[in-house]
Amino acid sequence: MKKTLIRIGKWLGIAIISIVVLITASLYFFKDEICGIVIDEMNKHLKAKVEVGKVDLTFWGSFPNLSVDFNHVFIQDAYQDARSTDTLFFSERVRLKFNPLDIWKEEYKLKKVEVARGSLQLRIRQDGAVNYDIMKPSEGSSSSEFEFAIEEVALEGVRLLYDNQATKQFYSADLNETSLNGNFNEERFDVGVKSDLKIQKAKSGEVSLLNKKKASVDLKVTVDKASGKTELPGGQITISGLPFLIDGYLDTLGYQFNVKSDHIQLADVVNSFDVDEVKRVNEFKGTGLINFDLDVKGQNEATSPAKIKCSFGVDNGSLKEPVMGLWVKNIDLQGEYSNVEGIEKEYLNLKDIRFTTVGGPFAGNLKLTKFTAPRYKGNANGNLDLRIVHALFRIPMVEELIGNVGVRSDFDIHTIVHPDESNDYKIARCEGDVDLRNVQVKLIDDKRVFKRVNGRLYLRNDEAGIDGIKLELGGSDLELDGVFRNLVPFLRDKGNLKAEVEIKSNRIDVADLGSTSKEDKFQDGRKFLLPDNLEGSVVLDVRQLKYEKHLFKDIRGNMVMGDRTLFFNNMSLINADARIFGELTIQERTPEIFHLITKAESSGINFKSLFREWDNFEQEVITEDNISGKAQAKIYLEAPFDFRSGIILASLKSEIDLRIENGRLKNVEAFKEITKSLKTSNAAKLAIGSSNIETLEKKLLDLKFETLENRLIIKNKKIQIPVMNINSSALDLKASGSHTFDNEIDYKFAFRFRDLKEKDKISEFGEEEDDGTGMWVYMRMYGSLDNPTIEWDKDSKKQQAKENRQEEKNDVKSILKTEFGLFKSDTAVKIYQEKKKPQEKIEFDFGTEEQNAKKEELEKIKKDSKLKNKLKQMKEESEKDKQVDWEFN
């Protein structure tokens, strides 16, 4: 028995394999013939060119049917001017299924059509031309091996689009799975239609009917080929889970359909509002039915629009959200839409809108007519609880909305469409008030929470205003008042919005005002941030403003805006214990690039407070521990500011006039470096003396001065410090130099050699006074701030000597002009004014005659000595220059 079974199994296997091989071989040998017959039959009915990537004959993939697969099928629009990319039909695969036994008998009866992953786009232009005129006219009966005996059409992943520009109808849907079953070859037959789809958009004229809604269809359609009539005796369609009943017909003359609600609950409608189809955790419960009745009819002409009439409403409905306890009751609404009397008389009317929330009752009306040039007419009066409004409608971009508002409005606004298709508005009446009561708002993906918003918004035709709006934002508070004029020209982009606003605050933290991080803001390309259609003025009164670690107090001033420019004039504020006055201009010349110009001045600046407030200006050369004193400053600054990266330092320009009084520099590290260099130089110790270097260090490390004036210049990323004299009782110091933003320095210092010696200024002859003479020691510190090079500054010494000689020459010329009348025609030579120097005075007592004679002699000597003294000084200076300079290694 075992051997018999094995023998039977072998023969059966061989038979099966033989059959498979035979079928496969037959398919291979007859593939071209079968495919050719199918293609020829298609060409008999189509006049459009069909592009096919590949044609296959399959059996095992569509078992038990035999299939002809057309892969990557493309049919271009039928328009004469259509481009190669204009698509009427595309599919990754169109499969035509046949019974293999019919093929064996050479009878090609098409049983089923499958279309997978593609699109069908039907378009009608304004003149009625269609893009789907691709079928050849019927030539009556003709003998053919091919027969259409279709029993099923299946669509999977196909987008269907209908765009009729003549009637302004647009419909688009994604057919996920759709099947049509019936004996299509009969003269009269029934077709079962089942579809799972998503309606992307349904629009009639200017009215959007549906948008991104899931739907399902289960219908039975009767087709009568003889009369050309298709009937829909009754069926159900479901949109967003809401059931509707549909019936109607389509014949050679026209069509007529009716859609009405099938016991739809108000709560079910509300729970289906979510556009993204995300199921809510807390669904509304309630009472009341939705009344909906839609009639659609029209003629079978491409340019004939559908006539639509729809009525809808709610009677005494109620809603309740179970978790938060939100409720709305006494809901009444009656609405109508119709375009039956033509496009000029199209209207949408929402009348007797009434409901009650915890905030109180609300009532209103709205009528919209002439959709091509809309006219809005209506009124509203009542109170709204914002929490229930947001729970019902899920306002876009809003994460949280609570509070109460009172609304009063009455409006009648006309839209005027000009020949160039631009819009204008005519306000027959537009008045309204909105009272905000403890409103709180948070936007999605926004860290800010606007709390305790109270005040009034109002609208008076072409004018809007804010009255006493108060709000809190983080740790900041704001109070806003203002008026906005020229609303209508602004809204139609034909004029600027004119604003007059007053802003008050007790405290503003700039960090509270930012909504997102810089990375989020900068994902898109550059755009203008300041508007070019807003002009007006803003009055500022802010007690405290915090920016990062900095605190500004008592900010007052006016801001004028217009043409992407902000101008702050008459500004005043307190920072680092000093009152600052000035003006600031901010102009956005290119997107996100601001040009800043500021002029400011202040007196009574406390250096220690200033350096502490601004974190020592992010440097360590002079810190708050090293400096003290009061200052006056005048500042002019001009710089471009990149909103993404900050100030563009390479283009920063500034001039700072500085006057310091009662100043003190203590333990400055740069001065320590100077004396440290001297201490390590044997030549310096030999020339100056170790004790004198110690004296110099002592004086430099606690340098006090009464007055210091200078002008600092910032340009090309470099701070230029002109020569300044620091005169103190301990040491007279000259300093100048430059300091780059990369901390490359070039400082020059000079001090009198006599100041190195520590001695008493009171001698047995009285108090010693400085006559301004004496040798100066010049030093230079340059290179990197972290590792500077310090050396004797021979160039500065030579330059000073050159200037001294020139001064002496000028003095000689002045003496010659004053005493002898020379250089009279040279206006550059001035009258000599003898410089008063402290000197000893010795008095002798002579007789009267002898005294007069001596006096005349002294006057003559004095007169002759002016020129001699100057010539002697010039000689001494020349001799000094010939001497060899000190050189230290």
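Rules and cut-offs
Residues numbered from 1 in each chain as written. Predicted model: local features only at pLDDT ≥ 70, side-chain atom pairs only at ≥ 80, totals over all residues. Heavy atoms only, no water. Helix = DSSP H or I, 4+ residues; strand = E, 2+ residues; numbered from the N terminus. Buried < 20%, exposed > 50% of the residue type's maximum accessible area, 1.4 Å probe, protein only. Contact = heavy atoms within 4.5 Å. Areas by Shrake-Rupley, 256 points an atom, 1.4 Å probe, with all protein chains shown as cover. Core = buried A, V, L, I, M, F, W, Y, C linked by side-chain atoms within 4.5 Å. Axes fitted to C-alpha atoms, helices over the stretch in contact; angles between N-to-C directions. Parallel < 35°, antiparallel > 145°, perpendicular 65-115°, else oblique. Nonpolar A, V, L, I, M, F, W, Y, C, P; charged D, E, K, R; others polar. Pairing = 2+ DSSP bridges. Salt bridge = Lys/Arg side-chain N within 4 Å of Asp/Glu carboxyl O. Arc of directions from axis to C-beta. Polar contact = N/O pair within 3.5 Å; in protein donor to acceptor, adjacent residues only side chain to side chain. pLDDT = per-residue confidence, 0-100. Phe/Tyr/Trp six-rings, centres within 6.5 Å; stacked < 30°, edge-to-face > 60°. Lys NZ or Arg CZ within 6 Å of the ring centre and 35° of its normal.

A tally of regular secondary structure across the chain gives 13 helices and 42 strands. Relative to its full complement of 889 residues, the chain shows a buried share of 37%. Counted over contacts in the chain with a minimum sequence separation of 6, partners at least 24 positions apart contribute 53%. Carbon and sulfur atoms make up 52% of the accessible area of the chain, which amounts to about 53700 Å² in all.

What follows concerns the nonpolar core. The nonpolar side chains of a soluble globular protein tend to be buried with one another. Ranked by size, the top nonpolar core spans 61 residues in total, and within it Leu319 and Val439 carry the most contacts. Residues contacting Leu319, with those up to four places away along its chain left out, are Leu266, Ala267, Val270, Phe284, Lys285, Gly286, Leu326, Trp327, Val328, Ile331 and Leu392. Counting residues in hydrophobic clusters, the runner-up holds 45 residues, among them Ile660, Val668, Leu678 and Val777.

With that settled, consider the packing of helix H9 (residues 669-679) against helix H11 (residues 690-700). Relative to each other, H9 and H11 sit at 175 degrees, their axes nearing to 9 Å. Considering the angle they form, H9 stands roughly antiparallel to H11. In this structure, H9 contributes Phe671, Thr675, Leu678 and Lys679 to the contact, and H11 contributes Ile693, Glu694, Leu696, Glu697 and Leu700. Grouping the amino acids of the contact of H9 with H11 by side-chain chemistry returns five nonpolar, one polar and three charged.

Where burial is concerned, most of strand S37 (residues 732-740) is hidden: eight out of the nine residues are buried. In this structure, strand S36 (residues 718-727) lies alongside S37, joined through eight bridges in antiparallel fashion. Bridge pairing in S37 links Ile726 to Leu733. Judged from the seven bridges that link them, S37 and strand S38 (residues 744-752) form a sheet pairing that is antiparallel.

Next up on the list: the pattern of salt bridges. As enumerated under the stated definition, the model contains 38 salt bridges in all. Arg448 is the partner of Asp446 in a salt bridge, and the nearest nitrogen-oxygen pair spans 2.8 Å. As far as the burial class goes, Asp446 and Arg448 line up, both buried. Of the charged contacts in the structure, one is a salt bridge between Arg664 and Asp702, with a shortest N-O distance of 2.7 Å. Taken together, the positions of Arg664 in strand S34 (residues 653-666) and Asp702 in strand S35 (residues 702-715) put the pair 38 residues apart, joining distant regions of the chain. A network of salt bridges, in which partner residues are shared, links Lys97, Lys112, Glu114 and Glu152.

Next up on the list: the environment of Gln200. Tracing the backbone through its elements, the reader meets Gln200 in strand S7 (residues 188-204). Between the C-alpha atoms of Gln200 and Lys214, which are 14 residues apart in sequence, the distance is 8.6 Å. Not counting residues up to four positions away in its chain, the partners in contact with Gln200 are Arg159, Ser172, Ala173, Asp174, Leu210, Asn211 and Lys212.

A word on H9. By the burial criterion, the buried members of H9 are Ala670, Phe671, Ile674, Thr675 and Leu678. Buried residues of H9 fall within an arc of 140 degrees about the axis and therefore sit on the same side.

Another point: the side chain of His390. Note on placement: His390 falls in helix H4 (residues 386-393). What makes His390 buried here is its relative accessible area of 8%. Looking at His390, its side chain comes within polar contact range of the main-chain oxygen of Glu399, at 3.5 Å. In this structure His390 touches Ile395, Val398, Glu399, Glu400 and Leu401, once residues within four positions along its chain are discounted.

Direction of pairing for strand S18 (residues 360-369) relative to strand S19 (residues 375-385): antiparallel, over a ladder of eight bridges. Within the sheet, the bridge partner assigned to Phe362 lies in S19 and is Gly382. Between S18 and S19, which pair antiparallel one after the other, the connecting turn spans five residues, and Lys370 there sits at a positive phi close to 50 degrees.

What follows deals with the confidence of the model for the chain. Do not read the predicted coordinates in detail wherever pLDDT is low. Looking at the chain, pLDDT values average 80 and 77% of them are 70 or higher. Here residues 20-24 is modelled with pLDDT under 50, and outside its nearest four sequence neighbours on either side it reaches four contacts, counting other chains as well. This model gives residues 760-767 a pLDDT under 50, and the stretch forms seven contacts once residues within four places in sequence are excluded.

Across all of its chains, the model carries seven aromatic pairs by this definition. For the pair Tyr162 and Tyr171, a centre-to-centre distance of 6.3 Å together with 25 degrees between the ring planes defines the contact as stacked. Overall, Tyr162 belongs to the partly exposed group, its relative accessible area being 27%. A ring pair is formed by Tyr337 and Phe371, whose centres lie 6.0 Å apart and whose planes are at 80 degrees; its orientation type is edge-to-face. A residue pair is termed long-range when its members are at least 10 positions apart, and Tyr337 in strand S16 (residues 326-338) and Phe371 in the loop between S18 and S19 qualify at 34 residues. Accessibility classification places Tyr337 together with Phe371 in one group, the buried group. Its end group placed over the ring of Tyr249, Lys229 keeps NZ or CZ at 5.0 Å from the ring centre. The ring of Phe528 is capped by Arg564, whose NZ or CZ atom sits 3.7 Å from the centre of that ring.

Right, let's get into unusual backbone geometry. Even without a glycine there, the phi angle at His72 is positive, about 55 degrees. Structurally, His72 is set in strand S2 (residues 66-76). Unlike most non-glycine residues, Arg564 shows phi in positive territory, near 55 degrees. Relative to the elements of secondary structure, Arg564 occurs in the loop between strand S28 (550-562) and strand S29 (565-575).

On to the environment of Val73. You can see Val73 is positioned in strand S2. Those residues in contact with Val73 that lie beyond four places of it in its chain are Val50, Glu51, Val52, Phe89, Phe90, Ser91 and Val94.

Looking now at the environment of Tyr171. As for its placement among the helices and strands, Tyr171 is situated in strand S6 (residues 169-181). According to the relative accessible area criterion, Tyr171 is partly exposed, its value standing at 31%. Taking the C-alpha atoms as reference points, Tyr171 and Lys203, separated by 32 residues in sequence, lie 6.3 Å from one another. Setting aside residues up to four positions removed in sequence, Tyr171 forms contacts with Leu160, Leu161, Tyr162, Lys201, Ala202 and Lys203. At 2.6 Å, the side chain of Tyr171 and the side chain of Gln169 are in polar contact.

Let us look at the side chain of Ser736. The topology assignment puts Ser736 in strand S37. Residue contacts for Ser736: discarding those within four places in its chain leaves Ile721, Pro722, Val723, Asp746, Tyr747 and Lys748.

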